[in-house]
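Chain by chain, the residues run as shown.
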Amino acid sequence: MLILISPVLSFGQKLSEGPQVLTFFSAADDTEQPYGLYLPKNYDASKKYPLVMMLHGAGSNHRLALRRVFGKSNAEGETDVEATRHFPSWDDVDFIVASPYARGTAGYQGIPEQDVYDVLADVKRRFSVDEDRTYLTGLSMGGGGTLWIGLTRPDIWAAIAPVCPAPPAGTIDLAGNASNLAVHFFHGDKDPVVPVEGTRAWVSKMQDMGVEVTYKEFVDVKHDSWVNAYDEEFIFGWFNQVRNQYPNAVKFASKFYKYNKAYWVQLDGIKSGLLAEIDAGFKKGNNIDVKTKNLEAFSLKLKGHPRFSAGQNYTVVIDGTTLSGKADSTFSFAKKGNAWTIVKQQPANAGLKGKGSEGPVFDAFSTRHIYVYGTADNPSQEELKKRLDIANAAADWSAYRGPFLGRIMFFPRIVSDKEVRESDHASANLILFGTKETNAVINKYADKLPVHLSTSASNYGLLYVFPVGGHYVTVSSGLPWWAGAEDKGFPFVPATHRSLPEFKDLLFFKDSFKNIITDGYFTQDWKLPESVLTLMNSSGVVTITK
């Protein structure tokens, strides 16, 4: 087996210069996933190169995206299918460029989002990349992905450039996270697919927050503003910024421990469902002023920061409360009641919500996961087929959606409860269908799981995520979570999966997932809140684990 460790293979053969396609191995479903790559002429592994990550739009792919970012649109009369088959010639730039396929038209959250980071890691492993000159851009769906990925982890990027972006709901709440990024928006004023008003609102909000934002609006341009935005390789001239790893001030907001760090600030206490916010900045010497909202704990990690003198006294003013101490380079704070106090560096607390164990439901679907149907009660062949059909529907991310949207190229495993191995749960989240009576895996963890649906409750649906053994189990009992879903609108994912990002930790419904009896988040120590408990108990069809 040949192992690619640089642009020179082990036996001396060099990778081609210019545009090409490489792959990385995805642990999400054990597949090779493609991405477009541009390697500059006369590539020299002894020097560092800036990297541009380019995210394609809906109905597109990695090969077309690589063309687009170099300003190469389709030839007159050429379809996307035809244009995909070849790379035209273009002027060389002294950049490495990578364009993830990211499963096709699937948005840029969950598995496709992980693919972007996997491509980034793969390029860094293979080539000599300047991590302080790493940039992100994309168009339409990919413009939305640029905002989501760029703002959830802003300290990776030196600058971002979204083109006619269609971001996931709620992304605009993260606008302030660009406080240490340069941002360039592009949009056409006659765009009938992604209205220009959305981008104007983004620009206005960022300007009000002091973000370094530039905006180019193209007159009489519809939903193809990327033609103008990337014309004559413009973006490579604009991408000249250098990342500041140690800014004097950091504004950062997040709802998830998954995205809990930016620059020298780390969020250690996030309330489920609420946007935690911090605004921290140096004053004079080791004096730092911090303002927070919906935040219970945080750490400042200042090793290497030129403004911080390690081992000296420091003063931090948090929401008006002054605290002083001495530390090497990392110090942590937590609320005791309503008062901020200095605490030891926040450990990963077993049994509490934290990174990799926080929910909501969609988090279990965002990394490697396996769909498991039940056979524990020896069902009839007819009943077994029904259960298998439900598991197949849940796992069928690759359902064909027509010639434009195509398929999502994600292929998770489907197994029966009897086929689940210890290594499966050691490496993956488990999506479990049925009840403790019908699914042996649910029964195995029955005492650890917080709630169970009666097997007779055929017109009810119960869905929840819960941490067990270092991974999630997601239990879907009774009606599946997509019961009553309608295939309407312009989807990035099939109707079966479209609502997953909207669910909280738990959903209990009757007849249709839209007819909610109760839903909510588990507490920080993974207990059912009283408001949820009361409504579940009154239904008469669930059993609460004591």
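Structural data are supplied above this passage.
Residues numbered from 1 in each chain as written. Predicted model: local features only at pLDDT ≥ 70, side-chain atom pairs only at ≥ 80, totals over all residues. Heavy atoms only, no water.

Draft legend 1. The arrangement of the overall build of the protein in detail. Counting secondary structure elements, the protein contains 12 helices and 27 strands. In terms of C-alpha radius of gyration, the protein reaches 25 Å, essentially the compact-globule figure of 24 Å for 546 residues. Projected onto the principal axes, the alpha-carbon positions of the protein cover approximately 65 × 65 × 55 Å. The 546 residues of the protein split such that 54% are buried. A separation threshold of at least 6 residues defines the contact pool for the protein, and within that pool the share at least 24 residues apart is 64%. Carbon and sulfur atoms make up 50% of the accessible area of the protein, which totals about 23,600 Å². Each charge class in the protein was averaged separately, 58 positive and 60 negative side chains, and the resulting centres sit 5 Å apart. (Helix = DSSP H or I, 4+ residues; strand = E, 2+ residues; numbered from the N terminus. Rg over C-alpha atoms; globule rule 2.2 N^0.38 Å. Buried < 20%, exposed > 50% of the residue type's maximum accessible area, 1.4 Å probe, protein only. Contact = heavy atoms within 4.5 Å. Areas by Shrake-Rupley, 256 points an atom, 1.4 Å probe, with all protein chains shown as cover. Lys, Arg positive; Asp, Glu negative; His and termini not counted. Charge placed at Lys NZ, Arg CZ, Asp CG, Glu CD.)

Draft legend 2. Spotlight on the sheet that holds strand β1 (residues 18-26). Read from one edge to the other, the open sheet built from 8 strands follows the order β1-β2-β4-β3-β5-β6-β7-β8, with strand pairing classed as mixed. The sheet is open, and its two edges are formed by β1 and β8 (212-218), each paired on a single side. Mean inter-strand twist for the sheet, computed between neighbouring axes without regard to direction, equals 20 degrees. Sheet topology note: the strand β3 (residues 49-55)/strand β4 (residues 96-100) ladder contains 3 bridges and is parallel. Directly across from Val 52, in β4, lies its bridge partner Val 97. (Pairing = 2+ DSSP bridges. Axes fitted to C-alpha atoms, helices over the stretch in contact; angles between N-to-C directions.)

Draft legend 3. Structural context of the nonpolar core. Counting residues in hydrophobic clusters, the biggest one holds 73 residues, and the most contacted among them are Ile 96, Val 123, Met 206, Trp 264, Leu 300 and Phe 333. Judged by nonpolar contacts, the second largest core, of 31 residues, contains Ala 428, Leu 462, Val 475 and Ile 544. (Core = buried A, V, L, I, M, F, W, Y, C linked by side-chain atoms within 4.5 Å.)

Draft legend 4. How the structure looks around the pairing of strand β13 (residues 287-293). Note: strand β12 (residues 276-282) against β13, 6 bridges, orientation antiparallel. From the neighbouring strand, Glu 277 faces β13, where its bridge partner is Lys 293. For β13 and strand β15 (residues 313-318), the ladder comprises 4 bridges, and the chain directions are parallel. Bridge pairing links Val 290 to Ile 318 in β15.

Draft legend 5. Here's a closer look at helix α12 (residues 530-539). Here α12 has its buried residues at Val 532, Leu 533 and Met 536. Along the long axis of α12, the arc covered by the buried residues comes to 100 degrees, so they all point the same way. In α12, the exposed positions that point more than 90 degrees away from the buried face belong to Glu 530, Ser 531, Thr 534 and Ser 538. On its buried face, α12 is in contact with β22 (451-453), β23 (460-468), β25 (506-510), β26 (512-520) and β27 (542-544). Looking one or two residues past α12, Gly 540 carries a phi angle of roughly 75 degrees, positive in sign. (Arc of directions from axis to C-beta.)

Draft legend 6. Quick peek at the sheet that holds strand β21 (residues 429-433). Strands sit in the order β20-β19-β21-β24-β23-β25-β26 across an open sheet of 7 strands; the sheet is mixed. Strands with a single pairing partner mark the edges of an open sheet, and in this sheet they are β20 (414-416) and β26. Neighbour-to-neighbour, the strand axes of the sheet open up by a mean angle of 25 degrees, direction not taken into account. As defined by bridge partners, strand β19 (residues 369-373) adjoins β20 across 3 bridges and the pair is classed as parallel. Each residue of the ladder has a partner; that of Val 372, found in β20, is Val 415. Helix-sheet contacts for helix α9 (residues 381-395) involve β19, β20 and β21, and the interaxial angle to β19 is about 165 degrees.

Draft legend 7. Main features of helix α1 (residues 62-69). Counting buried residues along α1, 7 of its 8 residues qualify, which places the element largely inside the surrounding structure. Restricting attention to buried positions, one finds in α1 the residues His 62, Leu 64, Ala 65, Leu 66, Arg 67, Arg 68 and Val 69. Of the residues flanking the start of α1, the one acting as N-cap is Asn 61, its side-chain oxygen 2.9 Å from the backbone nitrogen of Arg 63. Directly after α1, the chain includes Gly 71, whose backbone phi takes a positive value near 80 degrees. (Polar contact = N/O pair within 3.5 Å; in protein donor to acceptor, adjacent residues only side chain to side chain.)

Draft legend 8. Broad picture of the pattern of salt bridges. The tally for this structure, following the rule as stated, stands at 27 salt bridges. Residue Lys 444 pairs with Glu 422 through a salt bridge whose shortest N-O separation is 2.9 Å. In this pair, Lys 444 sits in helix α11 (residues 440-444) while Glu 422 sits in helix α10 (residues 422-427), placing the two residues 22 residues apart along the sequence. Residues participating in the shared-partner salt-bridge network are Asp 29, Arg 103 and Asp 115. (Salt bridge = Lys/Arg side-chain N within 4 Å of Asp/Glu carboxyl O.)

Draft legend 9. Inspection of the packing of aromatic side chains at higher detail. Taken as a whole, this structure holds 33 aromatic pairs when the rule is applied. Geometrically, the ring pair formed by Phe 185 and Trp 202 is tilted, given 6.2 Å between the ring centres and 40 degrees between the ring planes. With Phe 185 in strand β7 (residues 182-188) and Trp 202 in helix α5 (residues 196-208), the pair connects residues that are 17 residues apart, well separated along the chain. Each member of the pair, Phe 185 as well as Trp 202, is classed as buried. (Phe/Tyr/Trp six-rings, centres within 6.5 Å; stacked < 30°, edge-to-face > 60°.)

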